[in-house]
Amino acid sequence: MATAAASVPRTGTVLADLLPASSTRARDIALVVGGAALTGVAAQLTVPVPGSPVPVSGQTFAALLVGTALGARRGFLSLALYALAGVAGLPWFAEARSGAAFPSFGYVLGMLLAATVVGALARRGADRSVLRTAGTMALGSAIIYAVGVPYLALSLHLSLGDAVAAGLTPFLIGDALKAALAMGALPAAWKLLGRRG
């Protein structure tokens, strides 16, 4: 009984902490760079939305996954690297954009904040059950929209209602599907690691 309990990682640990490393600093740098790269690659998986300047993309899912798997500090650093490299000219925002002069840049800023929050929640065990993972992903998505939609409204001179119609409503079904993927993947990863631990 004691050995079974000891094999399950305790709260305060995120998935990335379980990776073996001869140097935690080198591991952390690799995770931060890898998380930024994953987000940049996922951002290229886009589908245009008729009537909206914001495409459906994989970057929001990647950002939430990176934050949850890496924890708040590494998640923040990873998304900060993603944002800074994109602003500096690396074309890895959605639709191969770079810079900050486009209406959906607010979503990138929202992802930075969301990755930090979901990472902090993951340290408290919020990614270890289906229901808690669902709540974590929903909160992360809400944070992204809370920054992205007003930014969209300001940059395009839209009313808040029009910005919600263009920058939130068309994405709710996709977000539900992304949350369902996370609800299956994250708790399953913890169960697998618990058995191996």
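The structure we're discussing is the one just above.
Below you will find a few notes about this structure. Residue numbers here run from 1 along each chain, matching the order of that chain's written sequence. Only residues with pLDDT of at least 70 are given local features in this predicted model, and only at 80 or more are side-chain atom pairs given and counted; all residues enter the totals for whole chains, interfaces and linings. Just so you know, side-chain values use all the structure's heavy atoms and leave hydrogens and water out.

**Considering the overall build of the protein**
A helix here means a DSSP run of H or I that spans at least four residues, while a strand means a run of E at least two residues long, and both kinds are numbered starting from the N terminus. Each helix and strand counted, the protein has 8 helices and 2 strands in total. In the protein, the succession of helices and strands from N to C terminus is α-α-β-β-α-α-α-α-α-α. Relative to its length of 197 residues, the protein is compact, with a C-alpha radius of gyration of 17 Å against a globular reference of 16 Å. Counting only C-alpha atoms, the protein reaches 60 × 35 × 20 Å along its principal axes. Exposure classes here rest on a 1.4 Å probe applied to the protein chains alone. A residue is buried below 20% of its type maximum, exposed above 50%, and partly exposed in between. The 197 residues of the protein split such that 46% are buried. Within the protein, residue pairs in contact and separated by at least 24 positions form 69% of the contacts whose partners lie at least 6 positions apart. Two things to know: the radius of gyration comes from C-alpha atoms, and the globule rule equals 2.2 Å times the number of residues to the power 0.38. In what follows, residue pairs with any heavy atoms lying within 4.5 Å of each other are defined as contacts.

**Quick notes on the side chain of arginine 128**
Among the secondary structure elements, arginine 128 is positioned in the loop between helix 5 (105-123) and helix 6 (130-156). In this tally Asp and Glu are treated as negative and Lys and Arg as positive; neither His nor the chain ends contributes. Should a side-chain nitrogen of Lys or Arg be within 4 Å of a carboxyl oxygen of Asp or Glu, the pair is scored as a salt bridge. Buried and without a salt bridge, arginine 128 has aspartate 127 as its closest oppositely charged side chain, separated by 4.1 Å. A distance of 2.9 Å separates a polar atom in the side chain of arginine 128 from the backbone oxygen of threonine 13. Side-chain atoms alone can form a polar contact between residues adjacent in sequence; in general such a contact is a pair of N or O atoms within 3.5 Å, and within protein one must be able to donate a hydrogen while the other accepts it.

**Focus on the nonpolar core**
Looking at soluble globular proteins, one finds that nonpolar side chains tend to be buried together. By nonpolar core we mean a set of buried residues, namely Ala, Val, Leu, Ile, Met, Phe, Trp, Tyr and Cys, connected to one another through side-chain atoms within 4.5 Å. Residues Leu79, Tyr82, Phe93, Tyr107, Val108 and Met111 are the most contacted members of the largest nonpolar core, which totals 41 residues. Elements with a minimum of two residues in this core: helix 2 (24-43), helix 3 (59-70), helix 4 (72-87), helix 5, helix 6, helix 7 (160-167) and helix 8 (172-196). The element that contributes the greatest number of residues to this core is helix 5, accounting for 8 residues. Ignoring anything within four residues of it in the chain, the contact list for tyrosine 82 reads Ala36, Thr39, Gly40, Ala43, Gln59, Trp92, Phe93, Ala94, Val108 and Met111.

**With respect to helix 5**
Helix span, as expected, comes to 1.5 Å for every residue beyond the first. Helix length check: helix 5 (19 residues) gives 28 Å between terminal C-alpha atoms against 27 Å at 1.5 Å per residue, within 8%. Among the residues of helix 5, those classed as buried are Phe105, Gly106, Tyr107, Val108, Gly110, Met111, Leu112, Ala114, Ala115, Val118, Gly119 and Ala122. For helix 5, the elements touching its buried residues are helix 3, helix 4, helix 6 and helix 7. Looking at the residues trailing helix 5, positive phi occurs at glycine 125, about 90°.

**Remarks on the packing of aromatic side chains**
Paired rings are identified among Phe, Tyr and Trp, the last through its six-membered ring, by centres lying within 6.5 Å, and are further divided according to the angle between planes into stacked (under 30 degrees), edge-to-face (over 60) and tilted (the rest). Counted according to the given criterion, the structure contains 7 aromatic pairs. When the ring of tyrosine 82 is compared with that of tryptophan 92, the centres are 5.3 Å apart and the planes differ by 45°; the resulting orientation is tilted. Placement of tyrosine 82 in helix 4 and of tryptophan 92 in the loop between helix 4 and helix 5 is noted, with a sequence separation of 10 residues between them. An identical accessibility class is assigned to tyrosine 82 and tryptophan 92; each is buried. Geometrically, the ring pair formed by tyrosine 107 and tyrosine 145 is edge-to-face, given 6.2 Å between the ring centres and 90° between the ring planes. On the criterion of sequence distance, the pair formed by tyrosine 107 in helix 5 and tyrosine 145 in helix 6 is long-range, its members being 38 residues apart. For the residue pair tyrosine 107 and tyrosine 145, the accessibility class agrees, reading buried in each case. Taken together, the aromatic side chains of Tyr82, Trp92, Phe93, Phe102, Phe105 and Tyr151 make up a single cluster linked through ring pairs. For the cation-ring pair, arginine 128 lies above tryptophan 190, with the distance from its terminal atom to the ring centre recorded as 3.8 Å. Whether a charge lies above a ring is judged from NZ of Lys or CZ of Arg, which has to be within 6 Å of the ring centre and within 35 degrees of the ring normal.

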